[in-house]
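Architecture at a glance
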Amino acid sequence: MSKSTAPDGDEDSRPPRVVALGGGHGLYASLSALRRVTTDVTAIVTVADDGGSSGRLREELGVLPPGDLRMALAALCGDDEWGHTWTQVLQHRFRSEGDLHGHAVGNLLIVALWELLGDSVAGLDWVGQLLGAHGRVLPMSSVPLEISAEVAGVDPDRPDELTTVRGQVACASTNGRVRSVSLLPEEPPASPQAVKAVREADWVVFGPGSWFTSVLPHLLVPELAHALMTTRARRVVALNLSPQKGETDDFRPETYLEVLREHAPDLGVDVVLADAGAVEDPAPLLSVVAELGGRLELADLSRGDGSPRHDPDKLAAAFERVVTGTEEPKPEEPDFWPGAHVRTET
């Protein structure tokens, strides 16, 4: 493990402290990569899911939706037999004609510990210990949240008309174009442990993931947002490989950053990590990155199988270079895009 570099430039012998924000498959990808880079990784997870097993448990028991938290824990399991086995157990869903149909085992395990312990963070810590998780998972808020989105073009005959859509599933699957999001209740309480983790981090990672329903909500929890804007940690934004139907239709790479800036104008960015194959015209992206005060890192990050999914080993190698500073940038061509660092390691 390389030495960590604290935000003030001093080196010490501890591993870098990395906090990753998001939910669902995007956070799963970043955590699967980051646990290969550092032993001190903390996931801060959205708690607004209202669909599937999570939605049913949330409605029936009044608990935080456990699904995204479960996926984060599964991502932090190791690559040995123990880790693989517990990942499969957590992710296993019952198939039946009864009430258990569709429930994930991990969701039930997490909720059971919440009921026994009366503490959502303690319950997640116990699950993490059972799994041998390579890191910690925290909810971004101590209460269940609801996402509300302003969506344009829900009615195809009125493409510029704005409609309010409520609920994470509805926002993620809308036929319109999401313009902005907010949370209900307004100004929800942040998880104190999440705020502490951000303040003590060396690096904070935004994305990849569902931009409006998994990444941006962290900036809508006031105390957490303040910590993200004032932390001494460096900030990395990992862009998606392709637009997501409904949420980010027709997004260009730079659009993700523009939307991030609209929701958090005072948030600075140190590094933007993007897949080289997803950036056709680098100039607009470089311009926005520069406006945010950061630098652009381009690398081969996709699985290469035609799916819009990150390769965990490639993403880990990119995070390693960014977080530990183990290698100087080496552009493939001397006169390549000014300001961009391009890598094609696999």
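Above: the structure in question.
Quick look at the pattern of salt bridges now. Summed over the entire model, instances satisfying the criterion amount to 13 salt bridges. D79 is the salt-bridge partner of R35, the closest N and O atoms lying 2.9 Å from each other. Highlighted residues: R35 in the loop between α1 (24-34) and β4 (40-45) and D79 in the loop between α3 (67-75) and α4 (81-91), separated in sequence by 44 residues. Relative accessible area serves as the criterion here: at 14%, R35 is assigned to the buried category. Between D300 and K314 there is a salt bridge, and its shortest N-O distance comes to 3.1 Å. Pair noted here: D300 is in the loop between β12 (295-299) and α13 (312-324) and K314 is in helix α13, with a separation of 14 residues, a long-range link. Members of the salt-bridge network, linked through shared partners, are R35, R36, D79 and D313.

Bringing a nonpolar patch on the surface into the picture now. Among the surface-exposed residues, L116, L117 and W126 lie close enough to one another that they form a single nonpolar patch of about 370 Å² accessible area. Here L116 shows up in helix α5 (residues 105-117). On the accessibility criterion, L116 (71% relative accessible area) is exposed.

Pairing within the open sheet is antiparallel, and its three strands lie in the order β7-β6-β8. If you trace the sheet from one side to the other, it starts and ends with β7 (162-166) and β8 (177-184), each paired once. Ignoring strand direction, the axes of neighbouring strands in this sheet form an average angle of 25°.

This part is about the side chain of S302. Within the element layout of this structure, S302 appears in the loop between β12 and α13. Once residues lying within four places of it in the same chain are set aside, the contact partners of S302 are L241, D275, R309, H310, D311 and K314.

Along the polypeptide, N107 turns up in helix α5. Considering only alpha carbons, one finds N107 and L138, 31 residues apart in sequence, at a separation of 15 Å. Of note is the side chain of N107, whose polar atom sits 3.0 Å from the side chain of S53.

Here we come to the packing of aromatic side chains. Counted according to the given criterion, the structure contains four aromatic pairs. Taking 6.2 Å as the distance between ring centres and 55° as the angle between the ring planes, the aromatic pair formed by W82 and W86 counts as tilted. Of this pair, W82 and W86 both sit in helix α4, separated by four residues, roughly a single helical turn. For W82, a relative accessible area of 48% corresponds to the partly exposed category. Judged by centre distance (6.1 Å) and plane angle (70°), the ring pair of F212 and F251 falls under edge-to-face. Remark: F251 occurs in the loop between β10 (234-238) and α11 (253-263) and F212 occurs in helix α9 (residues 211-215); sequence separation between them is 39 residues. Among the residues examined, F212 registers a relative accessible area of 1% and is labelled buried.

A cis amide bond links L184 with the next residue in sequence, P185, at an omega value of -5°. With respect to the secondary-structure elements, P185 resides in the loop between β8 and α8 (192-200). Cis geometry is adopted by the peptide bond preceding P208, which originates at G207 and carries an omega value of -5°. Within the secondary structure, P208 sits in the loop between β9 (203-206) and α9. Backbone geometry places E187, a non-glycine residue, at a positive phi of 50°. Within the secondary structure, E187 is located in the loop between β8 and α8. Positive phi, normally seen in glycine, also occurs at D250, with a value near 65°. Looking at the secondary structure, you find D250 in the loop between β10 and α11. When its relative accessible area of 66% is taken as the criterion, D250 is described as exposed.

The subject of this paragraph is helix α12 (residues 282-291). Buried residues of α12: P282, L285, L286, V288 and V289, and no others. Taken down its axis, α12 places every buried residue within 165° of arc, on the same side. The exposed set on the far side of α12, more than 90 degrees from its buried face, consists of A290 and E291. Between the side-chain oxygen at the start of α12 and the backbone nitrogen of A283 there is a gap of 3.2 Å, and the oxygen is on D281. The first or second residue beyond α12 is G293, which carries a positive phi of 85°.

Glancing now at the packing of α3 against α4. The N-to-C vectors of α3 and α4 enclose an angle of 165°; their axes lie 9 Å apart at closest approach. If you check the angle between α3 and α4, you find them roughly antiparallel. α3 and α4 meet at a crossing whose hand is left-handed. Counting all contacts with α3, which are made through R70, M71, L73 and A74, the residues of α4 involved are T87, L90 and Q91. Tallied by class, residues from the contact of α3 with α4 come to four nonpolar, two polar and one charged.

Definitions and limits used
Residues numbered from 1 in each chain as written. Predicted model: local features only at pLDDT ≥ 70, side-chain atom pairs only at ≥ 80, totals over all residues. Heavy atoms only, no water. Salt bridge = Lys/Arg side-chain N within 4 Å of Asp/Glu carboxyl O. Helix = DSSP H or I, 4+ residues; strand = E, 2+ residues; numbered from the N terminus. Buried < 20%, exposed > 50% of the residue type's maximum accessible area, 1.4 Å probe, protein only. Patch = residues over 30% accessible without salt bridge, like charges linked within 9 Å, V, L, I, M, F, W, Y side chains within 5 Å. Areas by Shrake-Rupley, 256 points an atom, 1.4 Å probe, with all protein chains shown as cover. Pairing = 2+ DSSP bridges. Axes fitted to C-alpha atoms, helices over the stretch in contact; angles between N-to-C directions. Contact = heavy atoms within 4.5 Å. Polar contact = N/O pair within 3.5 Å; in protein donor to acceptor, adjacent residues only side chain to side chain. Phe/Tyr/Trp six-rings, centres within 6.5 Å; stacked < 30°, edge-to-face > 60°. Arc of directions from axis to C-beta. Parallel < 35°, antiparallel > 145°, perpendicular 65-115°, else oblique. Left-handed = near helix turned anticlockwise from the far one by under 90°. Nonpolar A, V, L, I, M, F, W, Y, C, P; charged D, E, K, R; others polar.

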